[in-house]
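Reading the structure
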Number of protein chains: 2
Amino acid sequence: MGFTYDYEMPSVAVDCVIFGLDLDDNTLKVVLVERGLEPFAGKWAIPGGFVRKGESLDEAAMRELREETGIDEVFLEQLYTFGGPGRDPRGWVISVAYYALVSPDKHSIVAATDARRAQWFPANRLPRLAFDHTSILEVALERLRGKLTYAPIGFELLPEKFTIKQLQRLYEIVLGRTLDNRNFRKKIFSMNVLRELDEMQQGVPHRAARLYKFDVRKYKQLTSRGMSFEL
Amino acid sequence: MGFTYDYEMPSVAVDCVIFGLDLDDNTLKVVLVERGLEPFAGKWAIPGGFVRKGESLDEAAMRELREETGIDEVFLEQLYTFGGPGRDPRGWVISVAYYALVSPDKHSIVAATDARRAQWFPANRLPRLAFDHTSILEVALERLRGKLTYAPIGFELLPEKFTIKQLQRLYEIVLGRTLDNRNFRKKIFSMNVLRELDEMQQGVPHRAARLYKFDVRKYKQLTSRGMSFEL
DNA sequence: CCAAAAGTGTTGGGACTACACCCATGA
DNA sequence: TCATGGGTGTAGTCCCAACACTTTTGG
């Protein structure tokens, strides 16, 4: 311990809610890992682990994400810190929760890194979870829904190149209501944050849709002019 | 320590940004305390202290608030957790930051509880602060500004009974721009969350303004109908 | 040629902005 | 009576929601 301090000290963990979008069955998914050890052995939980001395909380979250799921270089943001007494039967554990958004390109990594049995679950049909992880997930979902409408984070859940319809579906899935496609297109085009590509969607049994990319540069110009991204 | 754990453990503190509104000089203020001990002895800092075993983070924040400023029963919300290595020269300290909103009725308490010299400072003209408290304050201000426009938290900064003009000034001060009084009134009345009182403002050298109260009941009806509070 | 999804405009209503004057009160 | 802030209405504009058909492509 680095200095004199009279009180007992807690362990500090990071836990990470990992969101992914399944474009095949149009659902929002979450990565859970099966616990090998007590307490809650055999139960599903959000991936996480203890913070190490010398690393920041963000670094700890990134490290856990990488170690437990193989995922790297994704959107990762601090969510909330859970510290109630009794949330961990082993003792006093404070957990800094994060949430990550993973594009479908990287979903396969999760399945492959099977050391501790990581799996995708539909976000609205989850098993009973270890610890207070159900509450953490609720908070994460609320945050995702809220932030989606005023920040351009939805793109993190899509492949780099996507169609407008995919973007629209993403909003519909997360917000839980249908959107009018004409109005949605008008809105998204009017804020001018997409770059139109010369490529078309491939391998669909009907008219192919145009592909777009999120244009970070345009977005930064937008925000620097004081404009904001709104649904 | 309650269970076997191989890594070194951090101390966990709560720090609390306390906002108050000064209706005399129309500024947003923040409570700072002067540090008595090293490190940063003599510097100003956000009130805070270590979390104790057996209490939740919210409880710890409330306790610190009460101990250091005498303030009790106010709006208090978790803000963000700061955990970078090197943020405290004494060693590894993770700090869960909170922010509180205090009505002018209670401002005097702060001055009275002078044990550790607590003082109000204008939020936009602060001294150099201890630790990383300047960044914590920036995050807190951003959050306050953001949340003010979509949640009815502004009332927490006003006395129980207030005039529409005071409410408007609050928004102008925090958001940093002037608002049209006619439009502001229309907007605030149209959402129907205020109860008009039979009382008038007292002791002003001009026409007295009507007093209003925030009506929690009406607000709950509003949100339960799916409507939301927007600026 | 058929099935399936892509892509495209217009209109009406509600909300926001901009703007200026009279009213009530205490000194 | 005057100085000071309280309180009020309207018109133009913009944004949003509602709504249905034609186009393109692969099978």
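Coordinates for the structure precede this section.
Counted according to the given criterion, the structure contains 20 aromatic pairs over all chains. Ring centres of Phe155 of chain A and Phe162 of chain A lie 5.7 Å apart, and the angle between their planes is 35°; on these two criteria the pair is classed as tilted. Accessibility assignment for this pair places Phe155 of chain A and Phe162 of chain A in one class, buried. Between Trp44 of chain B and Phe121 of chain B, the aromatic rings sit 4.8 Å apart at their centres with planes inclined by 65°, giving edge-to-face as the arrangement. You can see Trp44 of chain B sitting in strand β3 (residues 44-45) and its partner Phe121 of chain B sitting in strand β7 (residues 118-122), a full 77 residues away along the chain. For the residue pair Trp44 of chain B and Phe121 of chain B, the accessibility class agrees, reading buried in each case. Grouping aromatic residues by their ring pairs yields a cluster made of Phe155, Phe162, Phe214, Tyr219 and Phe229 of chain A.

Turning our eyes to something else, we now look at the interface of chain A and chain B. Size of an interface: often given as the accessible area lost when the parts come together. Facing 32 residues of chain A, the contacting portion of chain B comprises 32 residues. Here chain A and chain B share an interface that buries about 2,900 Å² over both sides, 63% of which is from carbon and sulfur atoms. At the boundary of chain A with chain B, the tally comes to two salt bridges. Residues Lys53 of chain B and Glu8 of chain A are paired through a salt bridge, measuring 3.3 Å at the closest nitrogen-oxygen approach. Applying the counting rule to chain A against chain B returns four residue pairs in polar contact (both at pLDDT 80 or more). Counting residues per element, the ones that place at least two in the side of chain A that touches chain B are β1 (11-22), α1 (57-69), β5 (75-82) and β6 (93-102) of chain A. Counting residues per element, the side of chain A that touches chain B draws most heavily on β5 of chain A, at four residues. Residue classes in the side of chain A that touches chain B are distributed as 17 nonpolar, nine polar and six charged.

Let's shift gears to the protein's contact with DNA strand D. In the vicinity of DNA strand D lie 19 residues, with Arg207 of chain A together with Lys165, Arg185, Lys186 and Arg210 of chain B positioned nearest. A breakdown of the atoms of DNA strand D within 4 Å of the protein gives sugar and phosphate a share of 43%. Side-chain polar atom of Lys186 of chain B to a base oxygen of DNA strand D: 2.8 Å apart, as the coordinates give it. When residues of the surface near DNA strand D are traced back to their parent elements, those giving at least two are α5 (181-190) of chain A together with α5 (181-190) of chain B.

Attention now moves to the environment of Ser56 of chain A. As for its placement among the helices and strands, Ser56 of chain A is situated in the loop between β4 (48-50) and α1. Ser56 of chain A has contacts with Gly83, Gly84 and Pro85 of chain B, leaving out every residue within four places of it along the chain.

Turning next to the relation of the copies chain A and chain B. Here chain A sits on chain B after a turn of 180° about the axis and a move of 0.1 Å along it, with an RMSD of 0.0 Å. The relationship between the two copies is best expressed as a two-fold rotation axis. When the interface residues of chain A are mapped onto chain B, 100% of them are again interface residues, pointing to one common binding face.

Reading the values: the criteria
Residues numbered from 1 in each chain as written. Chains lettered and ligands numbered in written order. Predicted model: local features only at pLDDT ≥ 70, side-chain atom pairs only at ≥ 80, totals over all residues. Heavy atoms only, no water. Phe/Tyr/Trp six-rings, centres within 6.5 Å; stacked < 30°, edge-to-face > 60°. Buried < 20%, exposed > 50% of the residue type's maximum accessible area, 1.4 Å probe, protein only. Helix = DSSP H or I, 4+ residues; strand = E, 2+ residues; numbered from the N terminus. Contact = heavy atoms within 4.5 Å. Buried area = accessible area lost by both parts, 1.4 Å probe. Salt bridge = Lys/Arg side-chain N within 4 Å of Asp/Glu carboxyl O. Polar contact = N/O pair within 3.5 Å; in protein donor to acceptor, adjacent residues only side chain to side chain. Nonpolar A, V, L, I, M, F, W, Y, C, P; charged D, E, K, R; others polar. Near = heavy atom within 4 Å. Least-squares fit on C-alpha atoms with pLDDT ≥ 70 in both.

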